[in-house]
Amino acid sequence: MGTWRDDLETWLAPFVAALGHKTRGRMCPAYVTGLIGPGDRKSVQPMAARDGVVSYDQLHHFIADGVWDSAPLEAALLAEADGLVGGDEAFLVIDDTCLPKKGDRSVGVAPQYASSLGKTANCQSLVSLTLASGEVPVMVGLRLFLPETWTGDPDRMARVRVPEDRQIALSKPEIAIAEIDRVRAAGVRFGCVLADAGYGSSGPFRHALSTRGLAWAVGLSRCQNVYPVDVGLIFPEAGRGRRRKYHLPDRAAVSAEQMLEGEKWRKLSWRRGTKGRLTCRFAATRVRIADGHRHRMADGRVQAMPGGEEVWLIGERRATGERKYYASNLPADTSLKALAAAVKARWVCEQAHQQLKEELGLDHFEGRSWTGLHRHALMTMIAYAFLQSRRLKATGREKKSPRTAPATNHASRQASHPQRLRQTSTTTLPSL
């Protein structure tokens, strides 16, 4: 029976082929082996020292300075991820993760809010995409967010070799949409996009998903204004002065929190945890989010008009007293249990972030350049996908059947097949 190193050599064959160069073809397995192998520190110098065959200079040149395109390796990773967990029942989870850093010279580093730390810290922040089925996540995208302190300083970006097409100010939701388009273009299959309130509270982000025909379930601020689904638009006569140019809603918008106060809350379980079934109280109602054009009302207030899409507003009351709110464009006949399972499925990305950092050294890269950071992140995702493939094999869950249709079809079909969002039974997988 072969060791994991033997399996890795075979599994990495598509990635080595994508590099198309003999020397780089040796460096890729050496780097991934260093990430997976023993040792607390997964930066270049200790990995090269433990390898004993590949030198520090060779490994550093490969990851930081080598002239090679990462796109073919990213495409190979997406193909492997789709084969492992892709399908109509899969979720594509959007989130971000921070890499704490000292100093101010590493690309993208700045004082910014770090969700994993729960505070503002000096760090790099990467938008992440995780493809997951059941409780099995595979990380497929990590893209660095550049704060204004970077995008407003061309010389600073040039010093760390930020590509010209990346030297523009993009919000995290905008980066996420670009990454979703890349994943879909590669033919990756998924049924629903999930995201926390950092993304879900962005109207343009939700609209971009809907425009692409994607099903989504995202976090929402409790203060987000919403309208009842049967809100009407009227054209009031002006008492004096010029006639109004726009229709107005026939009732005032209320916050998401207020809208759900009078709804019936049910105790539901969405999956089994290490200490038994996980339960919370949930409620849901159909609404139209106040994210349309902003107009002045008769009483002088400026208020956003109802959006054109009817969506679910979902509330969660936890045993601690904490309340969370979500929105989803899943069909009107989707059950409350299916809605709860969808909004709670996002947790797997946090598991993936933790494992990439604690076990594969995602946050151990010591270089400063854009290219080096993204190549290191790509190698950690490749290593993680390999380990997930071994976990699935160990539990008898073989690779899924090859793709037969582009992701645009699979992702958009979800809107008419809510039953595919029902919780799937999963086998507990061994730790990495």
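Going by the structure above, here's the rest.
### Overview of the overall build of the protein
Then, in step 1: Summing up its helical and strand segments, the protein has 16 helices and 16 strands in all.
Then, in step 2: Within the protein, buried positions represent 52% of all 432 residues.
Then, in step 3: The contacts in the protein between residues at least 6 apart in sequence include a share of 68% that link residues at least 24 apart.
Then, in step 4: Summed over all atoms, the accessible surface of the protein reaches about 20,200 Å², with 50% contributed by carbon and sulfur.

### Some thoughts on the packing of helix H5 (residues 56–65) against helix H15 (residues 370–394)
Then, in step 1: Packing of H5 against H15 brings their axes to within 7 Å, and their N-to-C directions diverge by 105°. In terms of orientation, H5 and H15 fall into the roughly perpendicular class. When H5 is examined against H15, the residues Phe-62, Ile-63, Ala-64 and Asp-65 are found in contact with a partner set consisting of Thr-371, Gly-372, Arg-375, His-376 and Met-379.
Then, in step 2: Looking at side-chain class alone, the contact of H5 with H15 contains four nonpolar, three polar and two charged residues.

### Considering helix H6 (residues 71–85)
Then, in step 1: Helix length check: H6, at 15 residues, gives a terminal C-alpha distance of 21 Å against a target of 21 Å (1.5 Å per residue), a fit within 8%.
Then, in step 2: Of all 15 residues in H6, 11 are buried; the element is thus mostly enclosed.
Then, in step 3: Every buried residue of H6 is accounted for by Leu-73, Glu-74, Ala-76, Leu-77, Leu-78, Glu-80, Ala-81, Asp-82, Gly-83, Leu-84 and Val-85.
Then, in step 4: Packed against the buried residues of H6 are helix H1 (4–11), helix H2 (13–19), strand E3 (119–133), strand E4 (136–145), helix H9 (172–185) and H15.
Then, in step 5: Of the residues flanking the end of H6, it is Gly-87, one or two places downstream, whose phi is positive at about 155°.

### Description of the environment of Ser-269
Then, in step 1: Counting through the fold element by element, Ser-269 comes out in strand E11 (residues 266–273).
Then, in step 2: A relative accessible area of 18% means that Ser-269 is categorised as buried.
Then, in step 3: Taking the C-alpha atoms as reference, Ser-269 lies 7.9 Å from Lys-337; in sequence the two are 68 residues apart.
Then, in step 4: Beyond its immediate stretch of four places on either side in the chain, Ser-269 contacts Arg-277, Leu-278, Thr-279 and Lys-337.
Then, in step 5: Polar contacts involving the side chain of Ser-269 include one to the side chain of Arg-277, which spans 3.0 Å.
Then, in step 6: Within the structure, the side chain of Ser-269 is placed 3.1 Å from the backbone oxygen of Leu-278, a separation counted as a polar contact.

### What to know about the side chain of Ser-125
Then, in step 1: Within the secondary structure, Ser-125 sits in strand E3.
Then, in step 2: Of the residues examined, Ser-125 reaches a relative accessible area of 1% and is grouped as buried.
Then, in step 3: A distance of 2.8 Å separates the side chain of Ser-125 from the side chain of Lys-172, its partner in a polar contact.

### As for the environment of Asp-95
Then, in step 1: Positionally, Asp-95 belongs in strand E1 (residues 91–100).
Then, in step 2: Between the C-alpha atom of Asp-95 and that of Ala-197, which follows or precedes it by 102 residues, the distance is 9.7 Å.
Then, in step 3: Apart from residues no more than four positions distant in its own chain, Asp-95 is found in contact with Leu-126, Val-127, Ser-128, Asp-196, Tyr-199, Arg-346, Cys-349 and His-353.
Then, in step 4: Of the polar contacts made by the side chain of Asp-95, one reaches the side chain of Arg-346; its length is 2.8 Å.

### Some thoughts on the side chain of Asn-329
Then, in step 1: Of note, Asn-329 is situated in the loop between strand E16 (323–328) and helix H13 (336–344).
Then, in step 2: A polar contact is formed between the side chain of Asn-329 and the backbone nitrogen of Trp-216, at a distance of 2.7 Å.
Then, in step 3: Contact partners of Asn-329, with chain neighbours within four places excluded, come to Ser-210, Leu-214, Ala-215, Trp-216, Glu-309 and Val-311.

### Topic: the pattern of salt bridges
Then, in step 1: Scanning the entire structure with this criterion turns up 20 salt bridges.
Then, in step 2: Between Asp-7 and Arg-390 there is a salt bridge, and its shortest N-O distance comes to 2.5 Å. Here Arg-390 lies in helix H15 and Asp-7 lies in helix H1, a separation of 383 residues in the sequence.
Then, in step 3: The salt bridge partner of Glu-179 is Arg-143, with a shortest N-O separation of 3.5 Å. Of the two residues, Glu-179 sits in helix H9 while Arg-143 sits in strand E4, which places them 36 residues apart along the sequence. Here Glu-179 and Arg-143 have matching classes, each one buried.
Then, in step 4: A cluster of three or more residues bridged by salt bridges with shared partners is formed by Glu-316, Arg-318, Glu-322, Lys-324 and Lys-344.

### Describing the packing of aromatic side chains
Then, in step 1: What the rule picks out here adds up to five aromatic pairs.
Then, in step 2: With centroids separated by 5.9 Å and ring planes inclined at 55°, the aromatic side chains of Tyr-199 and Phe-205 adopt a geometry described as tilted. The same class applies to Tyr-199 as to Phe-205, namely buried.
Then, in step 3: Taken together, the ring pairs in this structure connect Trp-11, Phe-15 and Phe-386 into an aromatic cluster.
Then, in step 4: The ring of Phe-145 has Lys-172 lying over it, and the distance from NZ or CZ to the ring centre is 5.4 Å.
Then, in step 5: The ring of Trp-68 carries the charged tip of Arg-375 above its face, separated from the ring centre by 4.0 Å.

### Examining the packing of helix H14 (residues 347–358) against H15
Then, in step 1: The contact between H14 and H15 brings their axes to 11 Å, and the two run at 110°. In this view, H14 runs roughly perpendicular relative to H15, as classed from their interaxial angle. The crossing of H14 and H15 is right-handed. Contacts between H14 and H15 involve Gln-351, Ala-352, Gln-355 and Leu-356 on the former and, on the latter, Thr-380, Met-381, Tyr-384 and Arg-391.
Then, in step 2: A class-by-class count of the residues in the contact of H14 with H15 yields four nonpolar, three polar and one charged.

### Quick look at the nonpolar core
Then, in step 1: Grouped together as the largest cluster of nonpolar side chains are 97 residues, with contacts concentrated most on Tyr-31, Ile-94, Met-379 and Ile-382.
Then, in step 2: Looking at this core element by element, the count peaks at 13 residues for H15.
Then, in step 3: Leave out the neighbours within four places in its chain, and Met-379 touches Cys-28, Tyr-31, Val-32, Leu-35, Phe-62, Ile-63, Trp-68 and Leu-73.
Then, in step 4: Within the second largest apolar cluster, 24 residues are counted, among which are Ile-314, Leu-330, Ala-342 and Ala-345.

Reading guide: rules and limits
- Residues numbered from 1 in each chain as written.
- Predicted model: local features only at pLDDT ≥ 70, side-chain atom pairs only at ≥ 80, totals over all residues.
- Heavy atoms only, no water.
- Helix = DSSP H or I, 4+ residues; strand = E, 2+ residues; numbered from the N terminus.
- Buried < 20%, exposed > 50% of the residue type's maximum accessible area, 1.4 Å probe, protein only.
- Contact = heavy atoms within 4.5 Å.
- Areas by Shrake-Rupley, 256 points an atom, 1.4 Å probe, with all protein chains shown as cover.
- Axes fitted to C-alpha atoms, helices over the stretch in contact; angles between N-to-C directions.
- Parallel < 35°, antiparallel > 145°, perpendicular 65-115°, else oblique.
- Nonpolar A, V, L, I, M, F, W, Y, C, P; charged D, E, K, R; others polar.
- Expected span 1.5 Å × (residues − 1).
- Polar contact = N/O pair within 3.5 Å; in protein donor to acceptor, adjacent residues only side chain to side chain.
- Salt bridge = Lys/Arg side-chain N within 4 Å of Asp/Glu carboxyl O.
- Phe/Tyr/Trp six-rings, centres within 6.5 Å; stacked < 30°, edge-to-face > 60°.
- Lys NZ or Arg CZ within 6 Å of the ring centre and 35° of its normal.
- Left-handed = near helix turned anticlockwise from the far one by under 90°.
- Core = buried A, V, L, I, M, F, W, Y, C linked by side-chain atoms within 4.5 Å.

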